[in-house]
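# Coordinate analysis (summary)
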Amino acid sequence: MSSNTMARTVRRRTLRVAAAALIVAAGLSLTACSGSDTAGSKPAASSSADSSTGTKGSDAKVDTKAGVAEKAASSVRTETLVDGSTAKVYKLGDLHYRVKIVNDGDVLATFEANEHDAGLDANGMYVVLTAGGEVQSWMGGEHRGPGTFKLAGGWTAKVTKVGEGHYRAEIIGHGDVMGTMEANGQDAGLDANGVYIVLSTGGVISAHE
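The rules behind these values
Residues numbered from 1 in each chain as written. Predicted model: local features only at pLDDT ≥ 70, side-chain atom pairs only at ≥ 80, totals over all residues. Heavy atoms only, no water. 1 Å grid on protein atoms, 1.4 Å probe; cavity = no way out; pocket = protein on both sides within 12 Å on 5 of 7 lines; lining within 4 Å. Points joined across faces, edges and corners; volume = space filled by probe spheres on them. Helix = DSSP H or I, 4+ residues; strand = E, 2+ residues; numbered from the N terminus. Nonpolar A, V, L, I, M, F, W, Y, C, P; charged D, E, K, R; others polar. Buried < 20%, exposed > 50% of the residue type's maximum accessible area, 1.4 Å probe, protein only. Core = buried A, V, L, I, M, F, W, Y, C linked by side-chain atoms within 4.5 Å. Pairing = 2+ DSSP bridges. Axes fitted to C-alpha atoms, helices over the stretch in contact; angles between N-to-C directions. Contact = heavy atoms within 4.5 Å.

## Let's talk about the layout of surface pockets
- What the largest pocket holds in volume is close to 290 Å³.
- Elements with a contribution of two residues or more to the lining of the largest pocket: strand E4 (106-114), strand E5 (118-122), strand E12 (176-184) and strand E13 (188-192).
- In terms of residues, the lining of the largest pocket owes the most to one element, E4, which gives 4 residues.
- Here the residues of the lining of the largest pocket sort into 7 nonpolar, 7 polar and 4 charged.

So this is what it looks like as structure tokens:
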């Protein structure tokens, strides 16, 4: 093979390698563009998430939902609590209810039961909202933990302090722990087979049958 022929062969190989390199580079470039498109779609997703907080462009949706909630609220029952205030009960979904406690037009408290019972110590009035939307209120019967106390309905409560604003109550029946309540930053409530129990973040427990 002559030197000229060898030179031409080398050039062809070099061109082929260069062409292959360009194809690979083009493929990487397309992959990068695809990734950047995905990244570019993230702000849209973020905007969608922001819409739940009522950002521009989503106000109509939020207002519509609020409107539906208000319509539902107008047809949901109200109950008079033991201190004369009113409990307005809203159904938000299956096993999800909200109660607003209102007195003379002022909302004094709002709390929710979402798949489990909830409770409130409202300055000595105790309120339980069950996951089924039932409301019970009463006064009196307080015990201040830590300690072990006899409750209405034959239950016993062993109250322990876990931390600041955090108390736990083991509900005992027939010598066995039948349930546990945690009041951690907010009060807890329980329907224990028709006996209603509230445990407050201050360690106060009260029950009503």
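## Some details on the environment of Tyr167
- Tracing the sequence through the fold places Tyr167 in strand E11 (residues 166-173).
- When its relative accessible area of 8% is taken as the criterion, Tyr167 is described as buried.
- When the C-alpha positions of Tyr167 and Val204 are compared, they lie 8.9 Å apart, and in sequence the two are 37 residues distant.

## Observations regarding the nonpolar core
- By size, the foremost hydrophobic cluster in this structure holds 17 residues, and its most contacted members are Val159, Ile171, Ile197, Leu199 and Ile205.
- Elements represented by at least two residues in this core include exactly strand E10 (156-163), E11, E12, E13, strand E14 (195-199) and strand E15 (204-208).
- Ranked by size, the runner-up nonpolar core spans 15 residues in total, among them Val99, Ala109, Met125 and Val135.

## Observations concerning the sheet that holds E5
- Pairing within the open sheet is antiparallel, and its 3 strands lie in the order E5-E6-E7. Each edge of the open sheet carries a strand with a single partner, namely E5 and strand E7 (135-139). The mean inter-strand angle of the sheet, taken between neighbouring strand axes irrespective of direction, is 15°.
- Inspection of the sheet shows strand E6 (residues 125-129) paired to E7 by 5 bridges, in the antiparallel sense. Residue Leu129 lies in a different strand from E7, and its bridge partner there is Val135.

## Topic: the sheet that holds strand E1 (residues 78-80)
- With antiparallel pairing, 4 strands are arranged side by side in an open sheet as E1-E2-E3-E4. The outermost strands of the open sheet, each flanked by one partner alone, are E1 and E4. Each neighbouring strand pair of the sheet contributes to a mean axis angle of 25°, computed without reference to strand direction.
- Direction of pairing for E1 relative to strand E2 (residues 86-93): antiparallel, over a ladder of 3 bridges. Residue pairing across strands places Thr80 opposite Thr86, the latter belonging to E2.

## Side note on the side chain of Ser200
- Note on placement: Ser200 falls in the loop between E14 and E15.
- Ignoring sequence-local partners within four residues, the contact set of Ser200 consists of Asp121, Tyr167, Ala183 and Asp187.

## Thoughts on the pairing of E14
- Burial analysis of E14 places 5 of its 5 residues in the buried class, which makes it a mostly covered element.
- Because side chains alternate across E14, one face comprises the buried residues Val195, Ile197 and Leu199, and the other comprises Tyr196 and Val198, equally buried.
- Bridge count between E13 and E14: 5 bridges; the pairing is antiparallel. Opposite Ala188, over in E14, you have Leu199 as the bridge partner.
- In this structure, the hairpin formed by E13 and E14 is closed by a connection of 2 residues, where Asn193 is found at a positive phi of approximately 55°.
- The pairing of E14 with E15 spans 4 bridges and is antiparallel. Bridging across to E15, Ile197 finds its partner in Ala207.
- Hairpin geometry of E14 and E15 is characterised by an intervening segment of 4 residues between the two adjacent antiparallel strands and by a positive phi of about 90° at Gly203.

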